[in-house]
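If you want the building blocks of each chain, they are given just below.
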Amino acid sequence: MLSTDELQINIGPQHPSTHGVFRLLTRLEGETIIELTPVFGYLHRNHEQLGEANSYLQNMPFTDRLDYFNSMANNHAYALAVEKLAGIEVPERAEYIRVIMVELTRILNHAGAIGFLFNDMGAWQTQLAFSMREREKILDLFEMVSGARMMCNYFRFGGVVRDLPPEFLPALQDLLEAMPAFIDELERLLSENEILLARTQNIGILPKELAISYSVTGPMLRASGIPYDIRKAEPYSIYDRFDFDIPIGSVGDVYDRFLVRIEEMRQSRRILLQALEQLPDATGSHINPKARQNVRPPVGDAYTRIESPKGELGFYLVSDGSTKPYRYKIRAPSFINLTPLGDLCRGHKIADVVVILGSIDIVLGEVDR
Amino acid sequence: MSDDNSELSARQRDEARAALQRDLPFALSPSGSFPSPEGGPDLLATSDIVVEAQQIAAVARYLRASLNYIYLSNITAVDLLAHGCFELVYHFYRLSGGPALTIKTRLPREKPELPSLTPFWPGAAFQEREAYDLFGIVFKGHPDLRRIYMWDEFEGFPMRKDFVRQGDKYLSE
Amino acid sequence: MSIQIQRGKAITVDRRTRKTPMGQGLLRGLGVIWKHWSASFQKNDSYKKIQGTFTIEYPEERRQLPEAYRNMPILLYDEQSGHEFCTSCFQCERICPPQVIHMTQAKDPATGKPVPAVESFEIEYDACMSCGLCAEVCPFEAIKMDHTFELSTHDHPSLTVDKTALNRPTTYYAQIAPRMWEEVKENAYKKLAANMKRRSDLIGIAPQMQEQLREQLARAPQAEPAPEAVASASTTADDKAARLAAIRAANAAKRANSENGQAAQGDATQSADDKAARLAAIRAANAAKRAAQQAQASEAPETAPSESASPADDKAARLAAIRAANAAKRAAQQAQASEAPETAASESTSPADEKAARLAAIRAANAAKRAAAAAEKGQEE
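Remember, it's a predicted structure, so these values are computed and weren't measured experimentally.

Overview of a nonpolar patch on the surface
Residue and element names in this part refer to chain C.
- Nonpolar side chains collect at one region of the surface, where Trp34, Trp37 and Phe41 lie side by side and expose about 450 Å² of accessible area between them.
- Following the sequence through the fold, Trp37 ends up in helix 1 (residues 24-39).
- Trp37 gets classed as partly exposed once you look at its relative accessible area, which sits at 48%.

Observations regarding the nonpolar core
- Residues Tyr154(A) and Tyr90(B) are the most contacted members of the largest nonpolar core, which totals 190 residues.
- Contacts of Tyr90(B), omitting those with residues within four sequence positions, involve Ile56(B), Leu72(B), Asn74(B), Ile75(B), Leu101(B), Thr102(B), Ile103(B), Leu114(B), Leu117(B) and Phe139(B).
- One finds Ile123(C), Cys134(C), Ile176(C) and Val184(C) within the second-largest nonpolar core, a separate group that totals 35 residues.

As for the packing of helix 4 (residues 92-121) of chain A against helix 14 (residues 350-360) of chain A
Residue and element names in this part refer to chain A.
- Running from amino to carboxyl end, helix 4 crosses helix 14 at an angle of 175°, the nearest separation of the two axes being 9 Å. Between helix 4 and helix 14, the angle is such that the two are roughly antiparallel. Contacts from Leu117, Asp120 and Met121 of helix 4 reach helix 14 at Val354, Val355, Gly358 and Ser359.
- Grouping the amino acids of the contact of helix 4 with helix 14 by side-chain chemistry returns four nonpolar, two polar and one charged.

Focus: the interface of chain A and chain B
- Facing 42 residues of chain A, the contacting portion of chain B comprises 46 residues.
- When chain A packs against chain B, close to 3600 Å² is buried across both sides, 57% of that on carbon and sulfur atoms.
- Remark: the boundary between chain A and chain B carries four salt bridges.
- For Glu52(A), the salt bridge goes to Lys161(B), with nearest N and O atoms at 2.9 Å.
- Applying the counting rule to chain A against chain B returns 20 residue pairs in polar contact (both at pLDDT 80 or more).
- Residue assignment for the side of chain A that touches chain B shows that the elements contributing at least two residues are strand 3 (32-39), helix 1 (47-53), helix 8 (208-213), strand 7 (300-308), strand 8 (311-319), strand 9 (325-331), helix 12 (333-337) and helix 15 (364-368) of chain A.

Focus on unusual backbone geometry
- Cis geometry marks the peptide bond from Tyr58(C) to Pro59(C), where omega comes out at 0°.
- For Pro59(C), the location among the structural elements is in the loop between helix 1 and strand 2 (73-77).
- The phi dihedral of Asn153(A) is positive, around 50°, even though this residue is not glycine.
- Within the fold, Asn153(A) resides in the loop between helix 5 (126-146) and strand 4 (155-156).

With respect to the packing of aromatic side chains
- By the definition in use, this model includes 34 aromatic pairs over all chains.
- Ring plane angle 50° and centroid distance 5.7 Å describe the contact between Phe69(A) and Phe116(A), whose orientation is recorded as tilted. Of this pair, Phe69(A) sits in the loop between helix 2 (56-64) and helix 3 (71-86) while Phe116(A) sits in helix 4, and the two are 47 residues apart along the sequence.
- Their ring planes at 85° and their centres at 5.8 Å tell us that Tyr173(C) and Trp181(C) sit as a pair that is edge-to-face. With respect to burial, Tyr173(C) and Trp181(C) carry one shared label: buried.
- Every member of this aromatic cluster is reached through a ring pair, and the members are Phe22(A), Phe40(A), Phe335(A), Phe126(B) and Tyr149(B).
- Sitting above the plane of the Phe335(A) ring, Arg369(A) keeps its charged end 5.1 Å from the centroid.
- Over the aromatic face of Tyr69(B) sits the side chain of Arg94(B), whose NZ or CZ is 4.4 Å from the ring centroid.

The rules behind these values
- As a convention, each chain's residues are numbered from 1 in the sequence order in which they are written.
- Just so you know, chain letters begin at A and ligand numbers begin at 1, following the order they were written in.
- Note on the predicted model: pLDDT of at least 70 is required for a residue's local features to be given, and 80 or more for side-chain atom pairs to be given and counted; whole-chain, interface and lining totals, by contrast, use all residues.
- Water and hydrogen atoms play no part in the side-chain values, which are based on all heavy atoms of the structure.
- Residues qualify for a patch when their relative accessible area is over 30% and they have no salt bridge, like charges being joined within 9 Å and the nonpolar side chains of Val, Leu, Ile, Met, Phe, Trp and Tyr within 5 Å.
- Each accessible area is a Shrake-Rupley result for a 1.4 Å probe, and residues are judged covered by the shown protein chains and nothing else.
- Each salt bridge in this description consists of a side-chain nitrogen of Lys or Arg and a carboxyl oxygen of Asp or Glu lying within 4 Å of one another.
- Put simply, DSSP marks the helices as runs of H or I at least four residues long and the strands as runs of E at least two long, and each gets a number from the N terminus on.
- Buried means the residue's accessible area, taken with a 1.4 Å probe over protein chains only, is under 20% of the maximum for its type, while exposed means over 50%, and partly exposed covers the values in between.
- Here, nonpolar core refers to any group of buried Ala, Val, Leu, Ile, Met, Phe, Trp, Tyr and Cys residues whose side-chain atoms link them within 4.5 Å.
- Two residues qualify as a contact provided that any one of their heavy atoms is within 4.5 Å of a heavy atom in the partner residue.
- To get an axis, fit a line to the C-alpha atoms, keeping to the stretch in contact for a helix; angles then go from 0 to 180 degrees between the N-to-C directions.
- Each angle receives one of four descriptions, namely roughly parallel if under 35 degrees, roughly antiparallel if over 145, roughly perpendicular if within 65 to 115, and oblique otherwise.
- Only Asp, Glu, Lys and Arg are considered charged in this grouping, and only Ala, Val, Leu, Ile, Met, Phe, Trp, Tyr, Cys and Pro are considered nonpolar; every other residue, Gly among them, is considered polar.
- Accessible area that two parts lose when put together, with a 1.4 Å probe and added across both, is what the buried area reports.
- We define a polar contact as two N or O atoms separated by no more than 3.5 Å, with the added condition that, inside protein, one atom must be a possible hydrogen donor and the other a possible acceptor, whereas residues neighbouring each other in sequence contribute only through side-chain atom pairs.
- Each aromatic pair joins two rings of Phe, Tyr and Trp (for Trp, the six-membered one) with centres within 6.5 Å, and gets the label stacked for planes under 30 degrees apart, edge-to-face for over 60, and tilted for any other angle.
- By definition here, charges over rings are those cases where NZ of Lys or CZ of Arg is within 6 Å of the ring centre and within 35 degrees of the ring normal.

Have a look at this one:
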């Protein structure tokens, strides 16, 4: 009789589809996965200890490099955490500028995530090229305001570095005009594609209760059917002034996560339009003029979280009254969202592993810090 | 916004503390079990709920079952060298929204062991492994407690405050 | 799960459950591809378009970089005076997250005391993370972010750049970031003027200009550098005192304007002030003309003031300078007393006259200084 052996395959740290230096140890029975263990730490740069050695302002450029796709979101979370700890207020105009930047980041990220998901499925950069075109426009906008495309370092305690240059708003309005056509085209290209449907429907299903107990957040949680979005659940900044919906999925598979991301892009555009409308009435300058960047917060701790495009990004800061944080912990969404990966992949084929990993949308800068 | 948030937060905290007092009174930790240093800031002073380290699993289960805090967001370990203890901070949320409920426990630095939440709360798995890897806190009952960032043969716990910063080994050799 | 959501609702995404026979989904997708391909022959020149090519054929074409673009830090120096803006205050070194800036402060060779100038300044370009924090915290607008990104080299040690390689003239920075430079240049020059007073000899002069200035120093010991902010038609050096008086007057006027209310009033008093200022200006201009005529007679290169002037003209020029300064001061005081419009530029009386008054005052002071120098030189020889 033929007997089968278990095969151990290492989807190694150097791999084009693992979204970074990420290793998957899999045990296979034929092509079906029996067990999967993620191994990471290849990009561990000891950011948390660096954070303790730097002052609060010096940490800001390092937060850019956490989730390097969404540097504005990281900056936002860190700035909010320090402002909460030190009690710094932010003027309205700065809040609107921040929201504009973060929502643009969300569009950036979701377009990119969809592109990378299709790369993982073997679509050879088609969708990625379209997504990158819109991403390039947004990166141009970021370069205009902050000086850099990706490592923006734009947020400060009490506001942002500088005000919007005059060419920013017309460019943003043009971009928002083109956005519906882009998203509709994306849906037309992808959402009914038979190959996509075959490869993503009922793959990697994460049931509701399991999603909550695994502490997953972000589009992954919402695709499982739970309408939990930190912008609505515990509104921070000025998100309670905007009307927008929360897309949720029904099954919790890869297809739902994909659709949720597309719909979130539409909702982000809605928020941006409202922000642009309300921006001219906003009072104040782009930064709180009384806020000292050399903050020395009082002794205490604060945990602040935002809805970053990948999930709940939280910063837990402990201050001992000096200019440097005593403990600087980052609650990274990609790190926590990876917890159910073993469970999600069990029983699927090895080709599905990459697709499931793509749907979780991780970035190793955050996972490893 | 932050004002009514902190008010809500305080209300949640008081409500949780009262419930714990009623149902799990042995779990709440008496204050002053660790000394505060003479000079220097007192990082142990807090208004959050402090529980006994060995009861954390019971407290977490209780919070999930009775008070509806079903979402564990964050587990952080803090090394309070001057006070001679590790502090573990847990942040729980309700899915209906609202601010966090912060639970803190303290462990002696010589023997940092406490029960793991992972068997019934799988979301804690990676966070506890991280606390083990970087601080050396042992979570009893964790199904797979091994290093997560550092390589397996690494010795020492890097995020501890008394970990000797070794500098750039490669350039100096 | 019933979770209340404010200002929105939870929408369930459409899973496209209807079946599409015969691969219509794929074909629809291919239709999108076809549209993009056929549109790719046109140029996409606007953010509104989602089709078309927008390739920039680098390196023949280059994209216009926005002003705020930051790549590597550079140091600024004023090419008219040759002085560097950097005073070695160590703010950038302190804030730099990867700690790549290293500098030492210059010391006065005679007394050994530190002077507000930098002796050696190094940045390790290879470790710099281009965060721009150094440019943000610099109080003297000395360090700025450059736009050059083509820095690849085979020579690794050359990536630790020192002051000579970091120095750029302010015209370079004004060219790459005109708006940002406009906002800060007045302040920068004011601080530079204050610092130049405390720098002796060639301390604080950019290495690029040391040769040039050493010659100047040898020829005319009293040569004083000129700030760019005060536009003077003559290329000779200005007198520090006159410049200072002019700046003080301008400051007083601005303060008066900002302190007082928004109503535009006090035309009568203003016109009186203005008249006084114009009179002083005319007197000063005359004195300057006289001095200039004298100057033309002698050899007068652009840099060295070495004309001879009669003591009488010299006195007249100095008197005119003092009168102009006094008039400006009086004008400022009277403007403080009365209610003035909000901004200095929107005064009902012409700002051009004020400028002319200041200019004339400075020119007179020039002439006075030149005369004094010449007189001294004459005495020496």
